[in-house]
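Working through the structure, step by step
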Amino acid sequence: TALLQSFADQAAIAVQNAQLYTQISREKQRMDAMLDSAADGIIIITPAHRIERCNLAMARMLGASPEEVRGKTHHEVIQLVNTKDGLTLEKAEEGGWPLTPNATLYVEGDLIRQGSLPLPVGITYAPLVSPEGQLLNIVATVRDITRFREAEELKSTFISVISHELKTPVALIKGYVS
């Protein structure tokens, strides 16, 4: 009976492992579907700054396939010019980022792309930290901000035209008064 009990225990463990494996496989499929259907570019970066995962939207922004991006360093893939305040992930880490597990970092600039014009992007970096406080990954969400930049330029142009139009009658009135 001890032998039968041992076999029963082993069978129960095998069934439980199979159920856990199926559950984890489904979770991975859901996660892959979420990442690949997101409109924003998403990359998952190791603590050593290697790209572990790249979704389709990010690959399209870069003009590459996810497989071509995977394994490269963050610095090889994310090359920004005209950054706001000159901030980059590397400079933020030199300054101690992330100080807390919930500390996100926002960087804005023009993403250099091979064979294309630079793309205005806003990148939000979020650390994934273990319960012990060890950095496991960095999740970067990359958003194309071209339309925001165009809207800012239109707003700026509109304000300058309006202020010019308002100054013109004031100048005429001043001329007549003097």
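Please refer to the structure placed before this passage.
Residues numbered from 1 in each chain as written. Predicted model: local features only at pLDDT ≥ 70, side-chain atom pairs only at ≥ 80, totals over all residues. Heavy atoms only, no water.

**Some details on the overall build of the chain**
- Along its length, the chain carries 6 helices and 6 strands.
- Starting at the N terminus and ending at the C terminus, the chain contains elements arranged as α-β-β-α-α-α-β-α-β-β-β-α.
- Compactness check: the chain gives a C-alpha radius of gyration of 26 Å against a globular reference of 16 Å for 178 residues, more than 25% above the reference.
- For the C-alpha atoms alone, the extent of the chain along its principal axes is close to 115 × 30 × 30 Å.
- Classification of the 178 residues of the chain by burial places 26% in the buried group.
- Sequence separation of at least 24 residues holds for 41% of the intrachain contacts in the chain that already meet a minimum separation of 6.
- The centroid of the 17 positive side-chain charges in the chain is displaced by 5 Å from the centroid of its 21 negative side-chain charges. (Helix = DSSP H or I, 4+ residues; strand = E, 2+ residues; numbered from the N terminus. Rg over C-alpha atoms; globule rule 2.2 N^0.38 Å. Buried < 20%, exposed > 50% of the residue type's maximum accessible area, 1.4 Å probe, protein only. Contact = heavy atoms within 4.5 Å. Lys, Arg positive; Asp, Glu negative; His and termini not counted. Charge placed at Lys NZ, Arg CZ, Asp CG, Glu CD.)

**Digging into the nonpolar core**
- Ranked by internal contacts, the top residues of the largest apolar core, which has 25 residues, are I43, M58, I78, W97 and Y125.
- The set of elements that each furnish at least two residues to this core consists of β1 (41–45), β2 (51–54), α2 (56–62), α5 (89–94), β4 (105–111), β5 (119–129) and β6 (135–144).
- Not counting the four nearest positions on each side in its chain, I78 is found in contact with I43, M58, L111, I123 and Y125. (Core = buried A, V, L, I, M, F, W, Y, C linked by side-chain atoms within 4.5 Å.)

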